[in-house]
Amino acid sequence: MQRLLLISNRLPITVEKKKGTLSYTKSVGGLATGLDSFYRSYNCSWIGWPGTYSERFNENDTQQITESLLDQKCSPVFLSKNDIDNYYYGFSNRTIWPLFHYFPLYAVYQKEHWKSYVEVNKKFRDAVLGIYEKNDFIWIHDYQLMLLPNLIREHIPDANIGFFLHIPFPSMEIFRLIPWRKELLAGMLGADLIGFHTYDYIRHFLNSIRRLLGIEHKLSQIIYQNRIIRTDVFPMGIEYEHFANIKNIPDLNKEEKHIKKSIGNRKIILSIDRLDYTKGILQRLEAFDWLLDKNPQLKGKVTMVLVEVPSRTGVDSYRMLKKRSDELIGRINGKHGTIEWAPILNFYRVLPFKTLAAFYHLADVAVITPLRDGMNLVAKEYVAAKGDNNGVLVLSEMAGAAREMAEAIIVNPNSIEDIANAIKEALEMDPQEQISRIKNMQNRLKRYDVNRWAHDFMLRLKQIEHSREMLKSKILSSEERNTLELNYADSRKNLFLLDYDGTLVPFSRKPRHAVPDDDLIQLLNDLCADPRNTVAIISGRDCESLQKWFGDLELNIFAEHGVWFKEKRQDWRTLEPQQKEWKDEVRPILEMYVDRTPGSFLEEKEYSFSWHYRNSDPELALIRVRELKDTLIHLTTNLNLGVMDGNEVLEIKNAGINKGAAAKALLFKEKWDFVLAAGDDITDEDLFTSLPDTTYSIKIGLSPSSARYSIESINDFRNLLSSLSLNRTEITAF
Ligand code: GDG
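Figured I'd write up the structure that's included with this text.

Definitions and limits used
- Residues numbered from 1 in each chain as written.
- Predicted model: local features only at pLDDT ≥ 70, side-chain atom pairs only at ≥ 80, totals over all residues.
- Heavy atoms only, no water.
- Disulfide = S-S within 2.5 Å.
- Buried < 20%, exposed > 50% of the residue type's maximum accessible area, 1.4 Å probe, protein only.
- Phe/Tyr/Trp six-rings, centres within 6.5 Å; stacked < 30°, edge-to-face > 60°.
- Lys NZ or Arg CZ within 6 Å of the ring centre and 35° of its normal.
- Pairing = 2+ DSSP bridges.
- Helix = DSSP H or I, 4+ residues; strand = E, 2+ residues; numbered from the N terminus.
- Axes fitted to C-alpha atoms, helices over the stretch in contact; angles between N-to-C directions.
- Contact = heavy atoms within 4.5 Å.
- Near = heavy atom within 4 Å.
- Polar contact = N/O pair within 3.5 Å; in protein donor to acceptor, adjacent residues only side chain to side chain.
- Areas by Shrake-Rupley, 256 points an atom, 1.4 Å probe, with all protein chains shown as cover.
- Nonpolar A, V, L, I, M, F, W, Y, C, P; charged D, E, K, R; others polar.
- Domains from an automatic or database assignment.
- Parallel < 35°, antiparallel > 145°, perpendicular 65-115°, else oblique.
- Left-handed = near helix turned anticlockwise from the far one by under 90°.
- Salt bridge = Lys/Arg side-chain N within 4 Å of Asp/Glu carboxyl O.

1. Looking at the state of the cysteines
Part 1 of the reasoning: Tallying each qualifying case throughout the model produces 0 disulfides.
Part 2 of the reasoning: Cys-74 takes part in no disulfide bond, and the closest cysteine sulfur, belonging to Cys-44, lies 9.6 Å away.
Part 3 of the reasoning: Its relative accessible area of 1% is what places Cys-74 among the buried residues.
Part 4 of the reasoning: As a non-bridged cysteine, Cys-528 has Cys-543 as the owner of its nearest cysteine sulfur, 18 Å distant.
Part 5 of the reasoning: Cys-528 gets classed as buried once you look at its relative accessible area, which sits at 12%.

Okay, here's the thing in structure tokens:
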């Protein structure tokens, strides 16, 4: 089994030093607890911060800690107080956390925090590089380490890297507020697989990389720096059996009796969260107050158990929240309580697991109403822990968990009335109905538990490694290149079919800027100068541009994907008899789309139209392309037209026109000893599939293609062409 390096801010083990002695305890918290069994069962090594400032340890301690943790398959990253203040409490929890949970007013943008975030991510990178072995898988967790994928990639270009974000990815409008937004995205794009809890988060992420970095995606897949990056949904589960079997915990009964003694036979409404402003605790309290106001018959009959787990107490907004929550609890207890009954029983601490389990088991209703939450595992744990008992989950629609738990009563967490009504509905729900809802949710939680989640992620990462290997195996190797050069040297009749944009010059967002450089003209001239060679440019561009750039060369030129053809030194002619009457019918429709899609423009060629949308809002363009295709299909059924997708352009032309069909004009003209065809985008696929198997068909860039080979970059391809023309010079010199 390949080894997995699991990386998160915190290690699953916390190291403390008390009175000079080191102690090792299990860390509490979602990820550490959730992944515990997976990481023990897998060939894993976990890298993270051991939970205590490095200043507390001397050199001896550091060495001892590193050795002891190694036995537990852990590797520490030692961080100072300054690191934690700036990277963790600073950038992670005062910039990313509030923004990603839609609290922009709580976000601060401090350069010191950012610098520390970069530095600490580099410390994590060094820790990874220190233990990395070839073929290891790397799985990085969460928002504290968003730069790490790319930092590792820079040192290990072929590493298998996965990244999982446990919190929401916000809408682009929020994300773009961060001054270092591009760096964060580029950091994440170092991964091969980027996982999120829900599809909404993927959508926001893809939108951000398109709008902020100009990087396109197709079917949740991104091609970036000649790598394929996949994004996918992996809704994190819980350790199901652990919670489903809580009744077997020794002394659970005793714990429950103890709780019952103070609460009596009152119905229990349970609320458990880290004390965090994203969790909607104040709104929940207001809702409980409102419920008691409107339903005085419930007074003395219900108790809200409010567990607030202390969290990030070093951050102002958290301290403020504690103050406001204490005031509200006091107000509600003062307003509704009696000598025998306090409406709210408040715990501000981490409960021992036994107590947590007893509350899950006993609670009649769990109210989990975060204002935003990546997933929320408490909701899942409550349902699992119910076993065969009844209970009702009231769940916020803003929690990722709501996507999978439709049988809960789903509420808008900003609506006090909505929450209060849901609690009332829950208290009154028929027990059989409760059991049936709980069972349905349990079935799903059981199937997709945390182990399945982790294994699924790993499986996907392995599949990506496999497809990357497949793509790599298509890269023209040096032996294959030698054979190609030898074949070429031995051949008497050679045909070159070369796409232009993206193959000979970089694809430009401003189409009028992709003018051929002098080196390219020289290169093409050299190739044409060999009497054995026939060289053709086969492009989607119009005759005018191609004539201007290449008209004086000894080239064959196909324009408009093969509508037009110009044999060397001859005039332009159409390859097939072409219709153009249809253009008058279609033009007004296209012009309407230009008006309705700012930034787009229409290119009219003799026998075709190109509607370019590369400078338009990508979201809008996507909608418009779909609409336009539908409209054209309906209006043009009797016109025999073809509508073809290009690179941010839609081509409308006579049916049957494509680069493959066009190439036949030269392909069947002679018997060729050597044919080389090269292209980079979807329109070149028609060319590749129409050629005999012996052709050297070459895709520029590493993405799936029917070409026989691929070459990573335009430069590499131009080098190949240069060495062929050089090859000819040498032969002539002999
Ligand atoms: C982040 C995302 C996402 C809570 N109180 C006690 C206690 N807990 C345990 C629960 C649960 C975990 O802590 C909390 O997990 P959540 O998912 O609810 O929330 P976050 O900590 O905010 O986690 C979240 C998660 O990452 C995973 O991807 O779901 O959206 O924000 O396991 O049981 N445990 C004990 N005593 C307590 O008092 N022992």
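There's plenty left to go through after this.
2. Regarding the packing of aromatic side chains
Part 1 of the reasoning: The full count for this structure, using the stated rule, is 44 aromatic pairs.
Part 2 of the reasoning: Both rings, one in Tyr-488 and one in Phe-496, keep their centres 6.0 Å apart while their planes meet at 70°; by these two values the pair is edge-to-face. Just as Tyr-488 is buried, Phe-496 falls in that class too.
Part 3 of the reasoning: Chaining the aromatic ring pairs together yields one cluster made of Phe-38, Tyr-42, Trp-139, Phe-164, Phe-234, Trp-453 and Phe-457.
Part 4 of the reasoning: Sitting over the ring of Phe-609, Lys-583 keeps its end group 5.5 Å from the ring centre.

3. Digging into the sheet that holds strand S17 (residues 409-411)
Part 1 of the reasoning: Overall, parallel pairing links the 6 strands, which are arranged S14-S13-S12-S15-S16-S17 in an open sheet. Strand pairing shows two members of the sheet lacking a second neighbour, strand S14 (344-347) and S17, which therefore form its edges. Neighbouring strand axes in the sheet, compared pairwise and without regard to direction, differ in orientation by 20° on average.
Part 2 of the reasoning: Bridging between strand S16 (residues 392-396) and S17 involves 3 bridges; their strand directions are parallel. Pairing of Ser-396 across the sheet is with Val-411, part of S17.
Part 3 of the reasoning: Across the sheet, helix H13 (residues 316-336) touches strand S13 (302-309) and S14, and the angle it forms with S14 is around 155°.
Part 4 of the reasoning: Against the sheet, helix H16 (residues 416-428) makes contact with strand S12 (267-274), S13, strand S15 (365-368), S16 and S17, and its axis sits at roughly 170° relative to S17, the strand it touches most.

4. Overview of the site of the ligand
Part 1 of the reasoning: Taken together, the neighbourhood of the ligand is formed by 20 residues, with His-166, Leu-351, Asp-373, Met-375 and Glu-381 sitting nearest.
Part 2 of the reasoning: One nitrogen or oxygen atom from the main chain of Leu-351 is found 2.8 Å from a nitrogen atom belonging to the ligand.
Part 3 of the reasoning: Contact with the protein chains removes 88% of the 730 Å² of surface that the ligand exposes when unbound.
Part 4 of the reasoning: Every element with two or more residues in the shell around the ligand is listed here: S12, helix H14 (353-362) and helix H15 (377-385).
Part 5 of the reasoning: Tallying contributions element by element places H15 first for the shell around the ligand, with 3 residues.
Part 6 of the reasoning: Of the residues in the shell around the ligand, the class split is 11 nonpolar, 5 polar and 4 charged.
Part 7 of the reasoning: Three or more residues apiece are contributed to the shell around the ligand by two domains, here domain 1 (4-76 + 125-233) and domain 2 (249-447).

5. Observations concerning the packing of helix H8 (residues 181-188) against helix H9 (residues 199-213)
Part 1 of the reasoning: Close contact between H8 and H9 brings their axes to 11 Å; oriented N to C, the two are set at 120°. It follows that H8 is oblique to H9 by the angle criterion. Here H8 and H9 pass one another in a crossing that is left-handed. In contact with Arg-181, Lys-182, Leu-185, Ala-186 and Met-188 of H8, H9 contributes Phe-205, Ser-208, Ile-209, Leu-212 and Leu-213.

6. Quick word on the pattern of salt bridges
Part 1 of the reasoning: On inspection of all chains with the given rule, the structure shows 52 salt bridges.
Part 2 of the reasoning: For the salt bridge of Lys-669 with Glu-567, the shortest nitrogen-to-oxygen distance reads 2.4 Å. Of the two residues, Lys-669 sits in the loop between helix H24 (659-667) and strand S27 (674-679) while Glu-567 sits in the loop between strand S21 (564-566) and strand S22 (573-574), which places them 102 residues apart along the sequence.
Part 3 of the reasoning: A residue is classified by how much of its surface remains accessible, and Glu-567, at 14% relative accessible area, is buried.
Part 4 of the reasoning: Across the pair Asp-584 and Arg-587 runs a salt bridge whose closest N-O atoms are separated by 3.0 Å. Within this pair, Asp-584 and its partner Arg-587 are both found in helix H22 (residues 582-596), separated by 3 residues, close to a single helical turn.
Part 5 of the reasoning: Here the salt bridges share partners, and the residues they tie into one network are Glu-286, Asp-289, Asp-293, Arg-331 and Lys-335.

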